[in-house]
Amino acid sequence: MSKANGWLLILGAIVQMVGWIAFYPANPTDATSVQANALIADEAMARVGLIMGFGGMIAMVAALVNVARSIQSAYASYAAFIFGLTAAVALVSTGFEFRVVDAPSDAIAASLMGNSLAIGDGMFLGLGVANVLLGIAILLTKQIYRIIGALAVLAGIAMVLMPFLGQDSPVAAIAFLGWLLVSIGIGFHSIRTADRTAD
């Protein structure tokens, strides 16, 4: 555990939340074409929202890779591998959505947005599995507070269900908020552990 991981998890969660809620102009529950038009209509806000939303997410996932690697468990090793894959997928999805903003026609914008949303479904499936594995590792090794491990399992299961139930379902809220709380909790634990080690 290190302070760098801790701060990445905490700040990444906050930046991601602010980016998606305060800046990103599209509503994830709307139709694909409506979401694409929302990004085109407010280009500046879309770019800021995408940078903060995906940037915060990638920072969080990168830190979670390091955290998972530091836990002595096969489950954590698998989680680290899947987290790494989802970070790459997030970068691809980011690229698609930036192209939506610059698309030469509504049809192309809707197509690009559809690709990004499809990739997002796969990304959340991967994040869900990784969070479940990380939670199991935490519960078994007790290297981090067990309540965080239990919450990681719950959030992970909710993420796995998201592509099937939709982003307007209560499960999506549990997945998103649960993952943010898990990341912030691990972040504070990492900082405290690093401080105790330094002393």
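About the criteria used
- Residues numbered from 1 in each chain as written.
- Predicted model: local features only at pLDDT ≥ 70, side-chain atom pairs only at ≥ 80, totals over all residues.
- Heavy atoms only, no water.
- Helix = DSSP H or I, 4+ residues; strand = E, 2+ residues; numbered from the N terminus.
- Rg over C-alpha atoms; globule rule 2.2 N^0.38 Å.
- Salt bridge = Lys/Arg side-chain N within 4 Å of Asp/Glu carboxyl O.
- Buried < 20%, exposed > 50% of the residue type's maximum accessible area, 1.4 Å probe, protein only.
- Core = buried A, V, L, I, M, F, W, Y, C linked by side-chain atoms within 4.5 Å.
- Contact = heavy atoms within 4.5 Å.
- Axes fitted to C-alpha atoms, helices over the stretch in contact; angles between N-to-C directions.
- Parallel < 35°, antiparallel > 145°, perpendicular 65-115°, else oblique.
- Nonpolar A, V, L, I, M, F, W, Y, C, P; charged D, E, K, R; others polar.
- Left-handed = near helix turned anticlockwise from the far one by under 90°.
- Patch = residues over 30% accessible without salt bridge, like charges linked within 9 Å, V, L, I, M, F, W, Y side chains within 5 Å.
- Areas by Shrake-Rupley, 256 points an atom, 1.4 Å probe, with all protein chains shown as cover.
- Phe/Tyr/Trp six-rings, centres within 6.5 Å; stacked < 30°, edge-to-face > 60°.

Novice: Could you clarify how one ought to interpret the overall build of the chain in this entry?
Specialist: Scanning the chain for helices and strands turns up seven helices and zero strands. Helices (α) and strands (β) of the chain occur, in sequence order from the N terminus, as α-α-α-α-α-α-α. Computed over its C-alpha atoms, the radius of gyration of the chain comes to 17 Å, within 12% of the 16 Å expected for a compact globule of 199 residues.

Novice: Help me understand the pattern of salt bridges in this model?
Specialist: Between side chains of opposite charge, a pair can form as their charged atoms come close. Applying the stated criterion across every chain yields a total of three salt bridges. A salt bridge links Asp-102 to Arg-47; the nearest nitrogen and oxygen atoms lie 2.7 Å apart. Of this pair, Asp-102 sits in the loop between helix 4 (74-101) and helix 5 (106-141) while Arg-47 sits in helix 3 (residues 43-70), and the two are 55 residues apart along the sequence. Given a relative accessible area of 37%, Asp-102 falls into the partly exposed group. A residue is classified by how much of its surface remains accessible, and Arg-47, at 26% relative accessible area, is partly exposed. Connected through salt bridges with shared partners, the residues Glu-43, Arg-47, Arg-99 and Asp-102 form a single ionic network.

Novice: What should I look at first to understand the nonpolar core in this one?
Specialist: Where a protein is soluble and globular, its nonpolar side chains tend to be buried together. Formed by 54 residues in total, the largest nonpolar core has its most connected members in Phe-83, Leu-134 and Ile-186. Mapped onto this core, the elements with two or more residues apiece are helix 1 (3-23), helix 2 (32-41), helix 3, helix 4, helix 5, helix 6 (146-165) and helix 7 (170-198). If we skip the residues at most four places from it in the chain, Leu-134 touches Leu-64, Ala-68, Ile-71, Ala-79, Phe-83 and Ile-186.

Novice: Please explain the packing of helix 3 against helix 4 as it appears in this structure.
Specialist: Two packed helices can be described by the angle between their axes and the distance between those axes. The contact between helix 3 and helix 4 brings their axes to 8 Å, and the two run at 170 degrees. Classed by the angle they form, the pair helix 3 and helix 4 counts as roughly antiparallel. Across the contact of helix 3 with helix 4, the residue classes break down as 19 nonpolar, four polar and four charged.

Novice: Honestly, the packing of helix 1 against helix 3 in this entry has me stumped. Any pointers?
Specialist: The contact between helix 1 and helix 3 brings their axes to 7 Å, and the two run at 155 degrees. Classified by the interaxial angle, the pair formed by helix 1 and helix 3 is roughly antiparallel. In the crossing of helix 1 with helix 3, the sense of the turn from one axis to the other is left-handed. Grouping the amino acids of the contact of helix 1 with helix 3 by side-chain chemistry returns 19 nonpolar, eight polar and no charged.

Novice: It is not clear to me how a nonpolar patch on the surface should be interpreted in this structure. Could you clarify?
Specialist: Residues Trp-7, Leu-11, Ile-14 and Val-18 make up a contiguous nonpolar surface patch of about 350 Å² in total accessible area. Note that Trp-7 resides in helix 1. Take Trp-7: its relative accessible area is 44%, and that puts it in the partly exposed class.

Novice: I'm lost on the packing of aromatic side chains in this one. Help?
Specialist: Between two aromatic rings, the relevant description is the distance of the centres plus the angle of the planes. For the coordinates displayed, the defined rule picks out two aromatic pairs. For the pair Trp-20 and Tyr-24, a centre-to-centre distance of 5.0 Å together with 85 degrees between the ring planes defines the contact as edge-to-face. Per residue, the accessibility class of Trp-20 equals that of Tyr-24, and both read buried. Aromatic side chains Trp-20 and Phe-54 sit 5.0 Å apart centroid to centroid with 85 degrees between the ring planes, which places their arrangement in the edge-to-face category. Taken together, the residues Trp-20 in helix 1 and Phe-54 in helix 3 connect sequence positions 34 residues apart.

Novice: Which parts of the structure should I look at to understand unusual backbone geometry?
Specialist: Peptide bonds are, in most cases, trans, and in most cases residues other than glycine have a negative phi. Despite not being glycine, Lys-142 has its phi angle at roughly 60 degrees, a positive value. The topology assignment puts Lys-142 in the loop between helix 5 and helix 6. Looking at Lys-142, the relative accessible area reads 54%, which means it is exposed.

Novice: Honestly, the environment of Ala-87 in this entry has me stumped. Any pointers?
Specialist: Within the secondary structure, Ala-87 sits in helix 4. Sequence spacing of Ala-87 and Ala-59 is 28 residues, and the spatial spacing of their C-alpha atoms is 8.7 Å. Setting aside residues no more than four positions away along its own chain, Ala-87 makes contact with Ile-58 and Val-61.

Novice: Got a minute to help me understand the environment of Gly-178 in this structure?
Specialist: Mapped onto the elements of the fold, Gly-178 is located in helix 7. Between the C-alpha atoms of Gly-178 and Gly-56, which are 122 residues apart in sequence, the distance is 16 Å. Contact partners of Gly-178, with chain neighbours within four places excluded, come to Leu-151, Ala-155 and Ala-173.

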